[in-house]
Amino acid sequence: MTIGRVTQRMLTDGSLANLQRNLGQLAALQERLSTGRVINRPSDNPTGTTAAMRIRTSVSDQGQYARNAQDGIGWLTQVDSTLDGVTTAVRRARDLALQGANTGAMGQQARDALAIEVDGIREQLLGQSNASYLERPVFGGVTAAGRAYDDTGTWVGVDGAVNRRVADDVVVRVDVDGRTVFGDGASSVFAELDALATALRAGDTAGITASVDVLRAREDTVTGVRAAAGTRYQRIEQSAQAADDAKMSLTNNLSSIENADLAETTVHLKLQEVAYQAALAATSRVMQPSLLDFLR
Amino acid sequence: MAGSFGSINTALSGLRYNQVALDVAGNNIANASTDGYVRRRVVGASVSSAQAALWSRYDGHGEGVAVGEVRRMTDPLLDARVRREHGLLSYLSTSRTILARVEEGVGEPGPNGVHAAMLDLRNAWQDLSLNPGGTAARQQVLGRAETLAQALRSQVANITGEEADQRVNATNLVSEVNTAASGLAALNHDILVTEQNGTDAGVLRDRRDQLALRLAELTGAVTTVESDGQFTVSVAGTALVQGKEAGAFVLASGITPTGGADGSPISYRIDASWGSTVLPSGSAGPSGELGAVTEILTTTLPSYRAGLDAVAADLAASVNAQQAAGYDATGAAGGPLFGYDPLVGAASLQVVITDPARLAASSVGGGALDGGNADLLSRVGTYPDAYQRLVNGLGTDVAALDRRTANQVALAGALDDAREQQAGVNLDEETVNMVTAQRAYEAAARLLTTLDEVLDTLINRTGLVGR
């Protein structure tokens, strides 16, 4: 820059412009510090804004996936503990059938007592088949009726899977169709227990022996379903963990894009303050002298 | 050789000249901080009557000094460049100011904008899919859908409001252009007359330069200096001021006198005695503040609004289509959730379902507690991406304008500096001029005293012998 003439006005205008610029930078830093954010509007960093919006989408999605997974875990926990009880109950029924099949050691009175216990197990299983999570039967599909089996052992649910989305493209089923566990109507565990009780009361040894096999098969079925549900439980738990982890690291990313580094910003503010004070001091000195001060 | 009193005249001319020099220095000092003032310098001309008769010989040494001219220290080339760069600067800074205001209303990225409302709605659908029987979850979907619709509507309202403001602004600018143009034409005339009378028109020229600069800032007008010193001002290639006549700058179409929109594109016209011309539009049209306002009204804001319309249209269409694919709590097929009128755009977006049971969360009929459709509803549409691109585009525009404005401020500042170097008043310099003139005045007065004494000697003390 070649300076030919310098006028007082150039000095004042220049000083004012510099003071303005300094003050503007102070204001920008002050905004960053007081909002704690480096991106306060899209133009502050258009690319960063897009990234921030994308990450916000992901954070929100992952948070939702974690919530979905928690809900799914609730369902599957209920399914698992119920199936645990079901296994125990079916095994007990099979034990009773085995006892009843032991004709030599057992009189009809004892078999009647066994039959009463089998009836009790049937009631217990009926209760378990209607196990619910947050007032929805976990074996009833998508029914709105509140129960999966009626008292006759007939499935009254509505076909349909209860799914939970736990990642972008991962949907996990969190319920179990009651029919795969308990059967339905004539082929249900309730009918099987009824048959056992009837056979016990009638002293029908062949019938009791047949029930032993049937109940063993039922036990296997229940165990199989429980294992399958357990696998899904594991998947959903891993997903919940993954969603939590992803949310945390995404939140960190978001913070590194959007948020101001307080220490760094404070140092910059301090530097800017010094620059502003220097500009003020320079202005006050530049404004003072003129030839008139030296002519008398 | 001049007569006996010739030298007294020389001394007198020195007194007069230095008085003018003091006057001019005083005027410069008085106007040191006046906007648009150009410093003056007295140009002295030494006087000689060397207009001797034929064959005669002039043996004088000059008859003193006269004020040759009070020169305005201006540079027409520099003035033209200052006008051009200031025109561009006001175009950029006006665009930037308007867009930055729109951008502040967007509120992104953050927890309260349209984008956050979109995410909230998605999550509400997911929550509904977890609990399709819950009235609270359904109510939440309705609430968040309304929040989203409202957020989009309020952005559109921001833009519509800005458009209305800028239309009024355009009519104000047009009237300012006309005032400046007629003022400039009048000054053209006054300067011509004043100077023909032999009077100094410096003050009028200062004022005319300021008006020419203001016209450049308002419309990007180009000023050319005619051979007779008159300014011709043209906007977008058409003369607005010629000599003492100014044309009328007219808003030809697009904006009604009350600042409303009349549906046609915005165009301007110049009506003058040399014809009525409709100015070109776009980059060949008026520039400066008016050009910025016109472009914002013609291109920038409508395209942002169209982007919001597309976002709203996609939201309504994709959600309504998915609603129709599912079943509500009563088991009936889902009806539209959003009302949207493509003729009105995003401003018409609203939630039309009031009964939460009417949300089609289920993908199976018969009133089953299924959340499959709610899950799908959270995933339809591309409106969040489209909205992100829109915000990114706006942010990029504002950031680019920020940079260009900063560059232009530097450029215009450098030119202003150059002009100030040429035309500004330096108080030290004026003090020196003042002292010089004062001393010269004193010396001329001394000359007069000396001559007086010489003549006194000659007249009163010479030839006393005969008394």
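Residues numbered from 1 in each chain as written. Chains lettered and ligands numbered in written order. Predicted model: local features only at pLDDT ≥ 70, side-chain atom pairs only at ≥ 80, totals over all residues. Heavy atoms only, no water.

A. Representation of the overall build of chain A within the structure. Scanning chain A from N- to C-terminus turns up 7 helices and 4 strands. In terms of overall size, chain A is more extended than a compact globule, its C-alpha atoms giving a radius of gyration of 39 Å where 296 residues would be expected to give roughly 19 Å. Projecting the C-alpha coordinates of chain A onto the three principal axes gives extents of approximately 140 × 30 × 25 Å. Taking the contacts inside chain A whose residues are at least 6 apart along the sequence as the reference set, 71% of them involve residues at least 24 apart. For chain A, the accessible surface area stands at approximately 14500 Å², while carbon and sulfur atoms represent 55% of it. Of the side chains in chain A, 30 bear a positive and 35 a negative charge, and the two mean positions are spaced by 11 Å. (Helix = DSSP H or I, 4+ residues; strand = E, 2+ residues; numbered from the N terminus. Rg over C-alpha atoms; globule rule 2.2 N^0.38 Å. Contact = heavy atoms within 4.5 Å. Areas by Shrake-Rupley, 256 points an atom, 1.4 Å probe, with all protein chains shown as cover. Lys, Arg positive; Asp, Glu negative; His and termini not counted. Charge placed at Lys NZ, Arg CZ, Asp CG, Glu CD.)

B. Quick look at the sheet that holds strand β3 (residues 222–225) of chain B. All names here are of chain B. If you trace the 4 strands from one edge of the open sheet to the other, you get β3-β4-β5-β6, paired in antiparallel fashion. For this open sheet the edge positions go to β3 and β6 (245–246), each flanked by a neighbour on one side alone. When strand β5 (residues 238–242) meets β6, the two strands line up antiparallel, connected through 2 bridges. Across the sheet, residue glutamine 242 finds its bridge partner in β6, namely glutamate 245. (Pairing = 2+ DSSP bridges.)

C. Broad picture of the side chain of B:Glu420. Considering the arrangement of structural elements, one finds B:Glu420 in helix α8 (residues 383–423). No salt bridge is formed by the buried B:Glu420; its nearest oppositely charged neighbour, A:Arg9, is found at 4.4 Å. Reaching out from B:Glu420, the side chain makes a polar contact with the side chain of A:Thr7 at a distance of 2.8 Å. Among residues more than four places away in sequence, those in contact with B:Glu420 are A:Arg5, A:Thr7, A:Arg9, A:Met10 and B:Val425. (Buried < 20%, exposed > 50% of the residue type's maximum accessible area, 1.4 Å probe, protein only. Salt bridge = Lys/Arg side-chain N within 4 Å of Asp/Glu carboxyl O. Polar contact = N/O pair within 3.5 Å; in protein donor to acceptor, adjacent residues only side chain to side chain.)

D. Structural detail: helix α9 (residues 427–460) of chain B. All names here are of chain B. Across its 34 residues, α9 extends 48 Å between first and last C-alpha, which sits within 8% of the 50 Å expected from 1.5 Å per residue. Along α9, the residues that are buried comprise Glu430, Thr431, Ala437, Ala444, Leu451 and Leu455. Where the residues of α9 are buried, they touch α1 (6–30). Two or three places before aspartate 428, at the start of α9, stands the capping residue asparagine 426, its side-chain oxygen 2.8 Å from that residue's backbone nitrogen. (Expected span 1.5 Å × (residues − 1).)

E. The arrangement of the packing of aromatic side chains in detail. Taken as a whole, this structure holds 6 aromatic pairs over all chains when the rule is applied. Their ring planes at 10° and their centres at 6.0 Å tell us that A:Phe182 and A:Phe190 sit as a pair that is stacked. Taken individually, A:Phe182 and A:Phe190 each receive the classification buried, so the pair is uniform in this respect. Through successive ring pairs, a cluster of aromatic residues spans A:Phe139, A:Tyr149, A:Phe182 and A:Phe190. It is A:Arg179 that lies over the ring of A:Trp155; its NZ or CZ is 3.7 Å from the centre. Its guanidinium or amino end placed over the ring of B:Phe231, B:Arg208 lies 3.8 Å from that ring's centre, counting from NZ or CZ. (Phe/Tyr/Trp six-rings, centres within 6.5 Å; stacked < 30°, edge-to-face > 60°. Lys NZ or Arg CZ within 6 Å of the ring centre and 35° of its normal.)

F. Representation of the pairing of β5(B) in the model. Residues and elements named next belong to chain B. Buried residues dominate β5, accounting for 4 of its 5 residues. Here strand β4 (residues 231–235) runs beside β5; their pairing, made up of 3 bridges, is antiparallel. Bridge pairing links valine 233 to valine 241 in β5. Hairpin remark: β4 followed by β5, antiparallel, with 2 residues in the connecting loop; positive phi at alanine 236, about 50°. Here β5 hands over to β6 after 2 residues, with glycine 243 in that stretch at a positive phi of 55°.

G. Structural detail: the packing of helix α2 (residues 46–101) of chain A against α8(B). Viewed as axis vectors pointing N to C, α2(A) and α8(B) meet at an angle of 160°, and their least axial separation amounts to 8 Å. Here α8(B) runs roughly antiparallel to α2(A), going by the angle between their axes. With respect to the hand of their crossing, α2(A) and α8(B) are arranged in right-handed fashion. Each of A:Pro46, A:Thr47, A:Thr49, A:Thr50, A:Met53, A:Arg54 and A:Thr57 in α2(A) lies in contact with α8(B), whose residues at this interface are B:Asp385, B:Tyr387, B:Gln388, B:Val391, B:Asn392, B:Gly395, B:Thr396 and B:Ala399. Of the residues in the contact of α2(A) with α8(B), the class split is 5 nonpolar, 8 polar and 2 charged. (Axes fitted to C-alpha atoms, helices over the stretch in contact; angles between N-to-C directions. Parallel < 35°, antiparallel > 145°, perpendicular 65-115°, else oblique. Left-handed = near helix turned anticlockwise from the far one by under 90°. Nonpolar A, V, L, I, M, F, W, Y, C, P; charged D, E, K, R; others polar.)

H. Representation of the nonpolar core. In this structure, B:Trp125, B:Phe249, B:Leu337 and B:Phe338 are the most contacted members of the largest nonpolar core, which totals 81 residues. When residues in this core are grouped by element, the largest group, 18 residues, is from helix α4 (residues 135–196) of chain B. Contacts of B:Trp125, omitting those with residues within four sequence positions, involve B:Val141, B:Val319, B:Gln323, B:Leu337, B:Leu359, B:Ala374, B:Leu377 and B:Ser378. Grouped together as the second largest cluster of nonpolar side chains are 49 residues, A:Leu126, A:Phe139, A:Ala197 and A:Leu200 included. (Core = buried A, V, L, I, M, F, W, Y, C linked by side-chain atoms within 4.5 Å.)

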